[in-house]
Amino acid sequence: MSTEKLPSRSENYSEWYNQLIQRAELADYAPVRGCMVVRPYGWALWENIQQSLDKRFKATGHVNAAFPLLIPMSFLEKEKEHVEGFSPELAVVTIGGGEKLEEPLVIRPTSETIIGYMYSKWIKSYRDLPVLINQWANVVRWEMRTRLFLRTLEFYWQEGHTAHATADEAQEETIRMLDTYASFAEEDAAIPVIKGRKSDIEKFAGAVASYSIEAMMGDTKALQSGTSHNLGQNFAKAFDIQYLDKNNELQYCWTTSWGASTRLIGAIIMTHGDDQGLVLPPRLAPIQVVIVPIFRNDEEKSLVMPVVQRINSELADFRVKVDDRTEVNPGFKFNDWEMRGVPLRIEVGPKDVEKESVAIARRDIPGREGKSFVPQEGIAARVGVTLNEIQAALYERALAFRESKIEEPPDYTAFQNSVQNGWAISYWCGGKDCEAKIKEDTKATTRCIPLDQKAEPGKCIVCGKPAKEKAYFAKAY
Ligand SMILES: [Zn+2]
């Protein structure tokens, strides 16, 4: 790791983000433009995200399966909006085993079509419903403008695909999974999110309604961090997913799909990171505590190391790393682990051994302010409490920042200003023209129409016509 400082987050956010990813060894650029290599430290973070989400999916009755990477081109063409939405981004295989294929195969950009095809074979009766399947997979979308973790040609995600007997059940499922993403984001990633419905322009190609969780990044741009779609009967009709109901009558199923991806890593970096590097929420951090022994000679080493080992074993319930490298000094180690966002550092030196204490330093509060001396006795309980405090503090800080950057502007002139360095929440008539005008004038888009709003009817911020709902507007990644 180089010891050079990162670009300042406030002065050059974009360069700060790119360099942080490299320096914290989360990911690297691949030989194919737009692809990324997720390095072990980044993958360990992703594994913790996966485990947390997977537990939540299983607790709500879902099971995992794996579907093929290659999808016949004709499958995508069965749902008109779906193929229109995805065709510009498709990677297509035309040669296999040295021969031209009779039918081109698409590398999955998402799996509604192939899973819909399989569901039509598996679902026969109302007794087969609901089907609640998730898969952890990689997908390819040929993006032109790419950014590590936020938008890459190939990325990792999960996609849930469910089939139900009624429209109500499908809608319930859609919202249940949106809530699941929101609780993951807030409880484990310490990222406050707004749950809402997407506008028609922003919704998933082929969905009846799309919902998302939207998070505010450190530069105030919005990041869509998870989506849940009610597909109605669109895919059921395209793929003949039918069942015999209790009266022995043939009915089309109602389906949903929902996904979250390695984008969440981008969200964590951009929500919590600072000028020293990454700041990880303790619940997801691959390393929660790093112990740095401090000694100048063998004599001090023989005093310090037994204490370090004892503390390490007392912290068996946490993800702990002892940094016993001898080729670098403690100052280098401090910077290194700060760059990697480890939530808590414990320092043990000869004086600490003498006093039966240790120094602990919180990553979320840089410098002296975040450092304190605590007794060695009861260290495990102390670490547990402190990690919870860090988790809560990161969420509160992100929430306070978001609240300070959302305005409800009085008119369209003020609106245009609000979305330059923050978000606006405003009445919107729902018209595509007003949505397009906002985008053209400000580069901001409708992020979502929040689910919890007790708005009295008002007037559209753009055209002044009656509006039933408010929407969030922001520039977005
Ligand atoms: Zn309007």
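All figures in this text were calculated on a predicted structure; none of them were measured in a lab. (Residues numbered from 1 in each chain as written. Predicted model: local features only at pLDDT ≥ 70, side-chain atom pairs only at ≥ 80, totals over all residues. Heavy atoms only, no water.)

J.: How should the coordination of the zinc ion be read in this particular structure?
T.: Each angle at a metal carrying four tetrahedral donors should ideally be 109.5 degrees, and each at a metal carrying six octahedral donors should ideally be 90 or 180 degrees. Coordination of the zinc ion by the protein comes from C429 (SG), C434 (SG), C460 (SG) and C463 (SG), over a distance range of 2.3 to 2.4 Å. The coordination sphere of the zinc ion comprises 4 donor atoms, whose angles at the metal cover 103 to 116°; the geometry is tetrahedral. For the zinc ion, the single-chain donor residues occur in sequence as C-x4-C-x25-C-x2-C. With C429 in the loop between β21 (423–428) and α14 (432–442) and C463 in the loop between β23 (458–459) and β24 (466–467), this pair connects stretches of sequence that are 34 residues apart. (Donors = N, O, S within 2.8 Å, 3.2 Å for Na, K, Ca; no water. Tetrahedral: all angles 85-135°; square planar, octahedral: opposite > 155°, others 65-115°. Helix = DSSP H or I, 4+ residues; strand = E, 2+ residues; numbered from the N terminus.)

J.: Would you mind going over unusual backbone geometry with me for this structure?
T.: Excluding glycine, residues mostly carry a negative phi; peptide bonds, for their part, are mostly trans. The omega angle of the peptide bond from L129 to P130 is -5°, so this bond is cis rather than trans. Mapped onto the elements, P130 comes out in the loop between α5 (112–122) and β7 (131–140). One non-glycine residue with positive phi stands out, namely N248, at about 65°. The residue N248 is located in the loop between β12 (242–244) and β13 (250–252) in this model. Phi is positive for E356, close to 55°, though the residue is something other than glycine. Considering the arrangement of structural elements, one finds E356 in the loop between α11 (350–355) and β18 (357–362).

J.: Explanation requested: the pattern of salt bridges in the structure shown.
T.: Opposite charge on two side chains permits pairing when their charged atoms draw close. For the coordinates displayed, the defined rule picks out 28 salt bridges. A salt bridge links D179 to K195; its shortest N-O distance comes to 2.8 Å. One end of the pair, D179, is in helix α6 (residues 167–188); the other, K195, is in strand β9 (residues 194–197), with 16 residues separating them in the sequence. For E338, the salt bridge goes to R345, with nearest N and O atoms at 3.2 Å. (Salt bridge = Lys/Arg side-chain N within 4 Å of Asp/Glu carboxyl O.)

J.: Would you explain the pairing of β21 in this entry?
T.: Here is the key point about a regular strand: its side chains alternate between the two faces of the sheet. The buried count for β21 comes to 6 of 6 residues, which makes it a mostly enclosed element. Here strand β20 (residues 406–407) runs beside β21; their pairing, made up of 2 bridges, is parallel. Its bridge partner lying in β21, E407 is registered against A424. In the classification by handedness, the crossover that spans β20, the intervening helix α13 (residues 412–418) and the parallel β21 is right-handed. (Buried < 20%, exposed > 50% of the residue type's maximum accessible area, 1.4 Å probe, protein only. Pairing = 2+ DSSP bridges. Right-handed = clockwise from strand over helix to strand, strands pointing away.)

J.: Sorry, what's going on with the layout of surface pockets here?
T.: Empty space among the atoms becomes apparent when a probe as large as a water molecule is rolled across them. Counted as a void, the largest pocket has a volume near 1,800 Å³. Along the walls of the largest pocket sit 49 residues, with E143, R151, Q224, R263 and Y477 positioned nearest its centre. Secondary structure elements with two or more residues in the lining of the largest pocket: α1 (13–23), α4 (80–86), β8 (154–164), β10 (209–216), β11 (222–230), β14 (254–261) and β22 (445–450). For the lining of the largest pocket, the residue count by class is 14 nonpolar, 17 polar and 18 charged. (1 Å grid on protein atoms, 1.4 Å probe; cavity = no way out; pocket = protein on both sides within 12 Å on 5 of 7 lines; lining within 4 Å. Points joined across faces, edges and corners; volume = space filled by probe spheres on them. Nonpolar A, V, L, I, M, F, W, Y, C, P; charged D, E, K, R; others polar.)

J.: What is the right way to look at the side chain of E159 in this model?
T.: Looking at where E159 falls in the secondary structure, it is placed in strand β8. Within the buried core, E159 has no salt-bridge partner, and the shortest N-O distance to an opposite charge, that of R108, equals 5.0 Å. Within the structure, E159 has its side chain in polar contact with the side chain of W157 (distance 3.5 Å). In contact with E159, other than residues within four places in its own chain, are R108, T110, S111, I133, N134, Q135, V139 and W258. (Lys, Arg positive; Asp, Glu negative; His and termini not counted. Polar contact = N/O pair within 3.5 Å; in protein donor to acceptor, adjacent residues only side chain to side chain. Contact = heavy atoms within 4.5 Å.)

J.: Looking at this structure, how should I read the packing of aromatic side chains?
T.: The description of an aromatic ring pair uses the distance of the two centres, along with the angle that the planes make with each other. Scanning all chains against the criterion turns up 16 aromatic pairs. Aromatic pair F415 and F473: ring centres 5.3 Å apart, planes at 75°, arrangement edge-to-face. In this pair, F415 sits in helix α13 while F473 sits in strand β25 (residues 469–474), placing the two residues 58 residues apart along the sequence. The two residues F415 and F473 agree in class, both being buried. Directly above the ring of Y477 sits K221, whose terminal nitrogen or CZ lies 4.6 Å from the centroid. A cation over a ring is seen here: R345 above F334, with NZ or CZ 3.8 Å from the ring centre. (Phe/Tyr/Trp six-rings, centres within 6.5 Å; stacked < 30°, edge-to-face > 60°. Lys NZ or Arg CZ within 6 Å of the ring centre and 35° of its normal.)

J.: How should I be thinking about the packing of helix α2 (residues 40–59) against helix α8 (residues 263–272) in this particular structure?
T.: A pair of packed helices is captured by two measures, namely the crossing angle of their axes and the spacing between those axes. Relative to each other, α2 and α8 sit at 105°, their axes nearing to 10 Å. Judged by the angle between their axes, α2 and α8 are roughly perpendicular. Across the interface between the two elements, G42, L45, W46, I49 and L53 from α2 touch L264, I265 and I268 from α8. Each residue belonging to the contact of α2 with α8 can be placed in one class, and the counts come to 7 nonpolar, 1 polar and no charged. (Axes fitted to C-alpha atoms, helices over the stretch in contact; angles between N-to-C directions. Parallel < 35°, antiparallel > 145°, perpendicular 65-115°, else oblique.)

J.: Sorry if this is basic, but what is going on with the environment of M216 here?
T.: Its place among the elements puts M216 in strand β10. For M216, a relative accessible area of 6% gives the class buried. Residues M216 and R402, spaced 186 residues apart in sequence, show a C-alpha to C-alpha distance of 6.2 Å. Ignoring anything within four residues of it in the chain, the contact list for M216 reads K221, T271, F401, R402, K405, I406 and W423.

J.: Help me understand the sheet that holds strand β5 (residues 92–96) in this model?
T.: Strands in a sheet are paired, the pairing made by backbone hydrogen bonds, and the direction either parallel or antiparallel. Overall, antiparallel pairing links the 3 strands, which are arranged β4-β6-β5 in an open sheet. The sheet terminates laterally at β4 (70–72) and β5, the two strands that pair on one side only. Shown here is a sheet whose adjacent strand axes are inclined to one another by a mean of 50°, direction ignored. As paired elements, β5 and strand β6 (residues 99–107) share 4 bridges and run antiparallel to each other. Considered in β6, the bridge of V92 is made with V106.

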